Amino acid sequence: GAVVSQHPSRVICKSGTSVKIECRSLDFQATTMFWYRQFPKQSLMLMATSNEGSKATYEQGVEKDKFLINHASLTLSTLTVTSAHPEDSSFYICSARDLRVAGVGETQYFGPGTRLLVL
Amino acid sequence: SQKIEQNSEALNIQEGKTATLTCNYTNYSPAYLQWYRQDPGRGPVFLLLIRENEKEKRKERLKVTFDTTLKQSLFHITASQPADSATYLCALLYNQGGKLIFGQGTELSVKP
């Protein structure tokens, strides 16, 4: 099956610093990747849709200048949390659509997540 | 706006019984609905997809139904095992771009 990896799996940083999270599709190409955030005991909330070669589409209420997304290749998207603050501490998860499945890319494959703790 | 609700309470069942989880949605007619499993500290894992023109779909011990009139999907795990203990999420396709909207999840605990 399709595999999506994330790096790092856990990161602790000081308030005010920036953190970059990588999301890679390992055995398939993904023109579209998605970034989610999940707080404890809550569901996944979509932050943005990352499109290869173009600007990301952000959900309402998500600051695009704070959460920078770059989708430089068909297998890599990055999320940079700029000037992180304690309220940005959360579980960040990416997903990618495998367009080989049913020709429509209905199935999304999720990465293992990145736990961010901002002190 | 679209709203998805799953069993808010955790579900505790005995091993060997059938677990039934509910997903209700409003203000929307999705082309398909998906179910995922999520273990603590991990990303969701895709389980099943059911389309709007399908009433039921099965995969091994899993069964999903989709009632577009009731705007409800039921997810069943038969002959449940302690290893089935996890949080189960339903998700609706929001648009053709692949955007998914997730329910809050139901935590299932299967006791031996």
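These numbers were taken from a predicted model, which means no experiment stands behind them.

Engineer: Quick rundown of the overall build of chain A? Include the residues and the values.
Structural biologist: Scanning chain A for helices and strands turns up zero helices and eleven strands. Here chain A has a C-alpha radius of gyration of 14 Å; the compact-globule value for 119 residues is 14 Å, and the two agree. Overall size of chain A, expressed as C-alpha extent along the three principal axes, is 45 × 25 × 20 Å. Counting across all 119 residues of chain A, residues that qualify as buried make up 53%. Counting contacts in chain A only where the partners sit at least 6 residues apart, residues at least 24 apart contribute 55% of the total. Per element, the accessible surface of chain A, about 5,800 Å² overall, is 53% carbon and sulfur. Within chain A, one finds 12 positive and 10 negative side-chain charges whose respective centroids are separated by 6 Å.

Engineer: So what's going on with the interface of chain A and chain B? Residues and values would help.
Structural biologist: It is common to report an interface's size as the accessible area lost on association of the parts. The partner chain B presents 21 residues to the 20 residues of chain A that form the contact. In total, chain A and chain B occlude about 1,600 Å² of area from one another, counting both sides; carbon and sulfur atoms represent 49% of this. For the pair chain A and chain B, the interface holds two salt bridges. Where B:Glu107 meets A:Lys41, a salt bridge forms, and the shortest distance between an N and an O atom there is 3.6 Å. Our count for the chain A to chain B interface comes out at four residue pairs in polar contact (both at pLDDT 80 or more). Among the elements that take part in the side of chain A that touches chain B, strand S4 (residues 32-38) of chain A stands out by supplying four residues, more than any other. Residue composition of the side of chain A that touches chain B, by class: nine nonpolar, six polar and five charged.

Engineer: So what's going on with a nonpolar patch on the surface? Residues and values would help.
Structural biologist: On the surface, A:Ile12, A:Leu117 and A:Leu119 cluster together into a nonpolar patch covering about 310 Å² of accessible area. Relative to the helices and strands, A:Leu117 resides in strand S11 (residues 114-118).

Engineer: How would you sum up the sheet that holds strand S6 (residues 56-59) of chain B? Please name residues and give values.
Structural biologist: Residue and element names in this part refer to chain B. Ordered in space as S1-S3-S8-S7-S6, the five strands form an open sheet in which the pairing is antiparallel. The open sheet has two edge strands, strand S1 (3-6) and S6, and neither has a second partner. Averaged over all pairs of adjacent strands, the angle between strand axes in this sheet comes to 15 degrees, irrespective of strand direction. Two elements, strand S7 (residues 62-67) and strand S8 (residues 72-77), share six bridges in a ladder whose sense is antiparallel. Across the sheet, the residue bridging to Asp67 is Gln72, located in S8.

The rules behind the values
- Residues numbered from 1 in each chain as written.
- Chains lettered and ligands numbered in written order.
- Predicted model: local features only at pLDDT ≥ 70, side-chain atom pairs only at ≥ 80, totals over all residues.
- Heavy atoms only, no water.
- Helix = DSSP H or I, 4+ residues; strand = E, 2+ residues; numbered from the N terminus.
- Rg over C-alpha atoms; globule rule 2.2 N^0.38 Å.
- Buried < 20%, exposed > 50% of the residue type's maximum accessible area, 1.4 Å probe, protein only.
- Contact = heavy atoms within 4.5 Å.
- Areas by Shrake-Rupley, 256 points an atom, 1.4 Å probe, with all protein chains shown as cover.
- Lys, Arg positive; Asp, Glu negative; His and termini not counted.
- Charge placed at Lys NZ, Arg CZ, Asp CG, Glu CD.
- Buried area = accessible area lost by both parts, 1.4 Å probe.
- Salt bridge = Lys/Arg side-chain N within 4 Å of Asp/Glu carboxyl O.
- Polar contact = N/O pair within 3.5 Å; in protein donor to acceptor, adjacent residues only side chain to side chain.
- Nonpolar A, V, L, I, M, F, W, Y, C, P; charged D, E, K, R; others polar.
- Patch = residues over 30% accessible without salt bridge, like charges linked within 9 Å, V, L, I, M, F, W, Y side chains within 5 Å.
- Pairing = 2+ DSSP bridges.
- Axes fitted to C-alpha atoms, helices over the stretch in contact; angles between N-to-C directions.

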